[in-house]
Amino acid sequence: MLFHLAEPAALLGIAVAFLLGVYAHDAAQVLAARLVRDPTPMRAGRLTTGIKHRLSPYSGLAVVIVGHGWAESVPMNDVWRKRRFHVAAAVLAGPVVYLLLALGSLALFQILGDHASIELGSRVTEVTVANSFAAELTLWLAVTFGSMLIVSLIPVPPTDAGRLVFLLGPTSAGWRNAHYRLTEGNIGLVILLALLLLPVLFAGFPSVVGQLIGPLLRGLASLIGLNLG
């Protein structure tokens, strides 16, 4: 967001999309868990209005600097190995809702906008919209939802994909030790922050989100007959 201080539509779009995405992510995972008869998320209070349990300070820092972050995964009963596929389905509901929100934002842009392009700039994603504040705002909603989807699929804790890797992986001592180091030792958090922050702090450092967001949104746009440059 620091790189968009002179762009009101971008700032508003990022802020609105991130907050909406975090709450939608939690709601999707809680409801999906309920469908597979896991009451743990409901008991954890993740359908309340508070933001404290949904967002870590590190994710908030990433949003302020880069413009995208991640939501904390919803607690579920993933101790029993027999339930791991049920839990995996509920965890995947979070990324799926990001995908649907990005697609919905593009559909709204199709109504409001005329022409736009999404490219990776020297450090952050750059969006060019031809005609209006409202159109630019909706496109930034799509960019932020798409970015949250990509971040959630980076396979290191604390992301949803990071959780799935160890949920569906083996139960060997080495695998458990790796999980402990990545989570309790915060090594996964360090890796994730490095992937998000280094491309912004050092121009030329490859950005996972920056490289993927353009193709992702252009692919989604093609589903509804929208052409993004």
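See the structure above.
With respect to the packing of helix H5 (residues 133-152) against helix H9 (residues 208-223)
Running from N to C, H5 and H9 point in directions that differ by 120 degrees, and their axes come no closer than 9 Å. Here H9 runs oblique to H5, going by the angle between their axes. Classified by chirality, the crossing of H9 by H5 is right-handed. Touching Ala142, Val143, Gly146, Ser147, Leu149, Ile150 and Val151 of H5 are Val208, Val209, Leu212, Ile213, Leu216 and Leu217, all from H9.

Brief notes about empty space enclosed by the protein
Tallied over the entire structure, the rule returns two cavities of 30 Å³ or more. In this structure, the largest cavity encloses a volume near 170 Å³. In this structure, the largest cavity is lined by 21 residues; those nearest its centre are Val66, His68, Val124, Thr125 and Val209. Elements that contribute at least two residues to the lining of the largest cavity include exactly H5, helix H8 (187-201) and H9. A breakdown of the residues in the lining of the largest cavity according to their chemical character gives 12 nonpolar, eight polar and one charged.

Comments concerning the nonpolar core
Ranked by size, the top nonpolar core spans 61 residues in total, and within it Trp70, Leu106, Phe109, Leu139, Leu217 and Leu228 carry the most contacts. A total of 11 residues in this core trace back to one element, the largest contributor, which is H5. Not counting chain neighbours up to four residues away, the residues in contact with Trp70 comprise Phe18, Leu55, Ser56, Tyr58, Ser59, Ala62, Val151, Pro158, Leu189, Leu192, Leu193 and Leu196.

Rules used throughout
Residues numbered from 1 in each chain as written. Predicted model: local features only at pLDDT ≥ 70, side-chain atom pairs only at ≥ 80, totals over all residues. Heavy atoms only, no water. Axes fitted to C-alpha atoms, helices over the stretch in contact; angles between N-to-C directions. Helix = DSSP H or I, 4+ residues; strand = E, 2+ residues; numbered from the N terminus. Parallel < 35°, antiparallel > 145°, perpendicular 65-115°, else oblique. Left-handed = near helix turned anticlockwise from the far one by under 90°. Contact = heavy atoms within 4.5 Å. 1 Å grid on protein atoms, 1.4 Å probe; cavity = no way out; pocket = protein on both sides within 12 Å on 5 of 7 lines; lining within 4 Å. Points joined across faces, edges and corners; volume = space filled by probe spheres on them. Nonpolar A, V, L, I, M, F, W, Y, C, P; charged D, E, K, R; others polar. Core = buried A, V, L, I, M, F, W, Y, C linked by side-chain atoms within 4.5 Å. Buried < 20%, exposed > 50% of the residue type's maximum accessible area, 1.4 Å probe, protein only.

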